[in-house]
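# Results of the structural survey
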Amino acid sequence: MTLHIDQIMNHIQTSATENPTQFSVTLDSSWHQGRTIYGGLMAGILVQALMTNIDDERQLTSLSVSFTAPTDGDQPFDIHMDMIREGKNVSQTVAYCQQNGVIGTKITACFAKARQSAVVVKPSAQMTLRPPQSCLPVPLVKSITPAFLQHISLLVNEGDMPFSGSQKPNLSGWMQYTQKPTHFNLAYLVGLIDA
């Protein structure tokens, strides 16, 4: 069975609502990157678990992710969540997955209410990318590309593939879920970032 990103995130949200400190999850190997679950998905799952129990007025302002050990998606693993400190405007949180007594992925996240500020940050120059339809898709090659790429499309705009011996240091392009999600929140975005 292959799980769609919506099925995963909906399960996480329901489980975190019912059990706001700990619950169990089993995925499938179609989300693997080598012998572990694709890191972006693990980080996205942990963000979704935390967001479920955070006031909607508080937005994610910082996120630190540590991948410490492999987590097998075909086997159950536990999600643990803790509110380190919740103040009037800021929530400091931690979440991690644990399988067979070993922590696989751990995040620390800060959620905060928007505040008035006199500081103005000008956006940096925008990157110009060709339209997705004119970019080179990364093919799925069994035993070469990670299994999770069946769920995420990568389109190369500029540069060459990793491990290709290229002298070009840059690689840019587009990415999206191959099957469009029914909705898209910050946890879904985090799920793409590591691709």
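Reading the values: rules and limits
Residues numbered from 1 in each chain as written. Predicted model: local features only at pLDDT ≥ 70, side-chain atom pairs only at ≥ 80, totals over all residues. Heavy atoms only, no water. Helix = DSSP H or I, 4+ residues; strand = E, 2+ residues; numbered from the N terminus. Rg over C-alpha atoms; globule rule 2.2 N^0.38 Å. Buried < 20%, exposed > 50% of the residue type's maximum accessible area, 1.4 Å probe, protein only. Contact = heavy atoms within 4.5 Å. Areas by Shrake-Rupley, 256 points an atom, 1.4 Å probe, with all protein chains shown as cover. Salt bridge = Lys/Arg side-chain N within 4 Å of Asp/Glu carboxyl O. Pairing = 2+ DSSP bridges. Axes fitted to C-alpha atoms, helices over the stretch in contact; angles between N-to-C directions. Patch = residues over 30% accessible without salt bridge, like charges linked within 9 Å, V, L, I, M, F, W, Y side chains within 5 Å. Phe/Tyr/Trp six-rings, centres within 6.5 Å; stacked < 30°, edge-to-face > 60°. Expected span 1.5 Å × (residues − 1).

## Things to note about the overall build of the protein
A count of helical and extended segments in the protein gives 3 helices and 10 strands. The order of helices and strands in the protein, counted from the N terminus, is α-β-β-β-α-β-β-β-β-β-β-β-α. A compact globule built from 195 residues should have a C-alpha radius of gyration of about 16 Å, and the protein, at 18 Å, falls within 12% of that. Considered along the principal axes of its C-alpha atoms, the protein spans approximately 50 × 50 × 30 Å. For the protein, the proportion of its 195 residues judged to be buried stands at 37%. For the protein, the proportion of contacts with a sequence separation of at least 24, taken over those separated by at least 6, is 65%. Carbon and sulfur atoms provide 53% of the accessible area of the protein, an area that totals close to 11800 Å².

## Some points on the pattern of salt bridges
Pairing is possible between side chains of opposite charge, provided their charged atoms come close. Taken as a whole, this structure holds 1 salt bridge when the rule is applied. Between Glu 57 and Lys 113 there is a salt bridge, and its shortest N-O distance comes to 3.6 Å. Remark: Lys 113 occurs in strand 7 (residues 102-113) and Glu 57 occurs in the loop between helix 2 (39-52) and strand 4 (58-67); sequence separation between them is 56 residues. Overall, the relative accessible area of 25% leaves Lys 113 in the partly exposed class.

## Re the sheet that holds strand 6 (residues 90-99)
Spatial ordering of the open sheet is given by 1-5-6-7-4, a layout of 5 strands whose pairing is antiparallel. Looking along the sheet, the strands with just one partner apiece sit at the ends: strand 1 (22-25) and strand 4. Sheet twist, expressed as the mean angle between neighbouring strand axes with direction ignored, is 20 degrees. Where strand 4 meets strand 7, 9 bridges bridge the pair, whose relative direction is antiparallel. Considered in strand 7, the bridge of Ser 66 is made with Lys 106. Against the sheet, helix 1 (residues 5-18) engages strand 1 and strand 5 (77-86), with an angle of about 150 degrees to strand 1.

## A look at a nonpolar patch on the surface
Together, Leu 63, Val 65 and Phe 67 make up an exposed nonpolar region whose accessible area comes to about 230 Å². Tracing the chain through its elements places Phe 67 in strand 4. With relative accessibility at 46%, the residue Phe 67 sits in the partly exposed group.

## A short note on the packing of aromatic side chains
One pass over the full model with this rule turns up 3 aromatic pairs. Among the aromatic residues, those joined into a cluster by ring pairs are Tyr 177, Phe 184 and Tyr 188.

## Remarks on the environment of Met 9
Position of Met 9 among the secondary structure elements: in helix 1. Between the C-alpha atom of Met 9 and that of Asp 82, which follows or precedes it by 73 residues, the distance is 19 Å. Discounting residues that sit within four places of it in the chain, Met 9 has contacts with Gly 44, Ile 45, Gln 48, Ala 187 and Tyr 188.

## Brief notes about the sheet that holds strand 9 (residues 152-158)
Across the sheet, 3 strands lie side by side as 8-9-10; this open sheet has antiparallel pairing. The open sheet has two edge strands with one neighbour each: strand 8 (136-137) and strand 10 (172-177). Across the face of the sheet, helix 3 (residues 186-193) comes into contact with strand 9 and strand 10 while running at roughly 130 degrees to strand 10.

## A word on the side chain of Thr 105
Locating Thr 105 in the fold gives a position in strand 7. Among residues more than four places away in sequence, those in contact with Thr 105 are Met 42, Leu 46, Val 65, Ser 66, Phe 67, Thr 68, Ala 95, Tyr 96 and Cys 97.

## As for helix 2
Between its first and last C-alpha, helix 2 extends 20 Å over 14 residues, near the 20 Å set by a 1.5 Å rise per residue. Counting buried positions along helix 2 yields 13 of 14 residues, so the element is predominantly enclosed.

Any functional reading would require information that these geometric values do not contain.
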